[in-house]
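# A closer look at the structure
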Amino acid sequence: MRGVAVFPASRDIKVIERPEPEIAAPDEVKVRVLDVGICGTDREICSFEYGSPPPGDDHLVIGHESLAEVVEVGPAVTRLRPGDLVVPSVRRPCDSPRCGACRAGHQDYCYTGGYRERGIKEAHGYMTEHVVDQDRYLVPVAAALRDVAVLTEPLTIVEQVFALMRHRPPWNDADTPAEERGRGLSALVLGIGPVGLLGAMRLVSAGFRTFVYSRELPSGPRAGLVDAIGATYASTEEVGFADLAAEIGNIDLVYEAVGHSHFALEALGVLGTNGIFVMTGVPGLQAFRETDPARLMRQMVLNNQMLLGTVNAGPDAFASALHSLGTFSRRWPATVPSLIAGRHPPEEARDLVLGRPQGIKTVITF
């Protein structure tokens, strides 16, 4: 069977032939991969910035945003059957008996760094025709979401944030319906890629007055998607942070999805009273810029602000993301599918990963 792999030693990326996996344990499930999304992480792995093959292998099969169909289940698996659609989660627990997070099934908060990640770190990914995985790492998908479920993994990031926000005033009122938790509050999303747009959809669906801020001019196609979901778009080419903050008023939540440290620091300076600043981007090397940490610290303490970094999500966030995708699809039936720029065969993966991103989310289809 085919798979798309990187070879770090030779710095090569190519389609390879792999042996078809077979179920070897009672709790395992064999799936046929349908769709795999290409993201910035895949591009960085294929630029050999990071990414590590499983021990003993000279290559790493990439791909961690996936949708698959069950083809066979082990004798201990009762909640899945052939024909079911599933989205696999990404991170696998470390082996340390002292890691309370991994031992409790929260490997997204692993203490040791010894976790493995499918398609990223020491475990092959999903850009291949068939995969065998344990039942507990597969999240069921409603058939109605077949065409958009590949967007689940990037949406889990904001779902993780919402889970944490429930423990902080004023979002922790258990009697407030989920679609009203942001009522009367303002959110600023930095970035207009898949993570930013999906985050904006989640915030709008929760009742936040939502703004999206990025480089694209308002006449661009992505800006049009922002308008279509009822958010407000602002371009860095036309308005600065100070003027944007004056227009928004108190900014209760900043959701950073660009991975640019200078941009993030500027946004932190306009975060409002009791605000939460969420960082999801991982910046590469950038030019040094002086800042005033005392001013930022003073602002955060006196304004009761919170700074949160998030990089991975657990099974609960995957289930929440699928629920949200269903909500989005009913609310914006034309907009959600348009996030997928195109579906391509695996033979085109190398050029797509190494080239400039086309549209919002490019998908490899088997």
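Here goes a summary of the coordinates provided. None of these values were measured; they are calculated from a predicted model.

## Brief notes about the sheet that holds strand β9 (residues 122–123)
- Strand order in the open sheet formed by three strands is β7-β8-β9, and the pairing between neighbours is mixed. Each having just a single partner strand, β7 (91–92) and β9 make up the two edges of the open sheet.
- Strand direction decides the pairing type here: strand β8 (residues 116–118) and β9, joined by two bridges, are parallel. The partner of E117 across the bridge, within β9, is E122.

## Focus on the pairing of strand β19 (residues 361–365)
- Of all five residues making up β19, four are buried, and the element is well covered by its neighbours.
- Relative to β19, strand β3 (residues 28–37) runs antiparallel, the two sharing three bridges. In the strand pairing of β19, G37 is matched with V363.
- Relative to β19, strand β18 (residues 340–344) is paired through four bridges, and the arrangement is parallel. Each residue of the ladder has a partner; that of R343, found in β19, is V363.
- Crossover connection from β18 via helix α11 (residues 349–354) to parallel β19: handedness right-handed.

## Looking at the pattern of salt bridges
- Under the counting rule described, the total for this entry stands at 14 salt bridges.
- The shortest N-O distance in the salt bridge between E22 and K30 comes to 3.8 Å.
- Residue classification places K30 among the buried positions, given a relative accessible area of 6%.
- Close ionic contact of D133 with R92 constitutes a salt bridge, the shortest N to O distance being 2.6 Å. Separated by 41 residues along the polypeptide, D133 in strand β10 (residues 130–134) and R92 in strand β7 bring together distant segments of the chain. As far as burial versus exposure is concerned, D133 and R92 are alike and both buried.

## Describing the nonpolar core
- By size, the foremost hydrophobic cluster in this structure holds 81 residues, and its most contacted members are M127, L151 and F208.
- Residues contacting M127, with those up to four places away along its chain left out, are G3, V4, V36, I38, V61, I62, G63, A349, I364 and F366.
- Counting residues in each nonpolar core, the second largest holds 20 residues, with F211, F277, L296 and M300 among its members.

## Things to note about the side chain of R118
- Along the chain, the position of R118 falls in strand β8.
- On the basis of relative accessibility, which here comes to 12%, the residue R118 falls in the buried class.
- A distance of 2.5 Å separates a polar atom in the side chain of R118 from the backbone oxygen of H124.
- Discounting chain neighbours no more than four positions away, the residues touching R118 are G63, H64, V90, R92, A123, H124, G125, Y126, V131, V132 and D133.

## Looking at helix α5 (residues 221–228)
- All buried positions along α5 are accounted for by R222, A223, L225 and V226. Taken around the axis of α5, the buried residues stretch over an arc of 150 degrees, which confines them to a single face.
- Packed against the buried residues of α5 are α4 (194–205), β13 (209–214), β14 (232–235) and α10 (335–338).
- One or two steps after α5, the chain reaches G230, where phi turns positive at roughly 90 degrees.

## Notes on the pairing of strand β1 (residues 2–7)
- Of all the six residues making up β1, five are buried; the element is thus mostly covered by neighbouring parts of the structure.
- Here β1 runs beside strand β2 (residues 12–17); their pairing, made up of six bridges, is antiparallel. Considered in β2, the bridge of F7 is made with D12.
- The antiparallel hairpin formed by β1 and β2 contains four residues in its connecting segment, where R11 sits at a positive phi of about 55 degrees.
- Alignment of β1 against strand β4 (residues 60–61), held across two bridges, turns out to be antiparallel. Its bridge partner being in β4, A5 is matched across the sheet by V61.

## Considering the state of the cysteines
- With the rule as written, the count across this model stands at zero disulfides.
- No disulfide involves C94; its sulfur sits 3.7 Å from that of C102, the nearest cysteine.
- For C94, a relative accessible area of 3% corresponds to the buried category.
- Free cysteine: C99, not disulfide-bonded; nearest cysteine sulfur from C102 at 3.6 Å.

Conventions adopted
- Residues numbered from 1 in each chain as written.
- Predicted model: local features only at pLDDT ≥ 70, side-chain atom pairs only at ≥ 80, totals over all residues.
- Heavy atoms only, no water.
- Pairing = 2+ DSSP bridges.
- Helix = DSSP H or I, 4+ residues; strand = E, 2+ residues; numbered from the N terminus.
- Buried < 20%, exposed > 50% of the residue type's maximum accessible area, 1.4 Å probe, protein only.
- Right-handed = clockwise from strand over helix to strand, strands pointing away.
- Salt bridge = Lys/Arg side-chain N within 4 Å of Asp/Glu carboxyl O.
- Core = buried A, V, L, I, M, F, W, Y, C linked by side-chain atoms within 4.5 Å.
- Contact = heavy atoms within 4.5 Å.
- Polar contact = N/O pair within 3.5 Å; in protein donor to acceptor, adjacent residues only side chain to side chain.
- Arc of directions from axis to C-beta.
- Disulfide = S-S within 2.5 Å.

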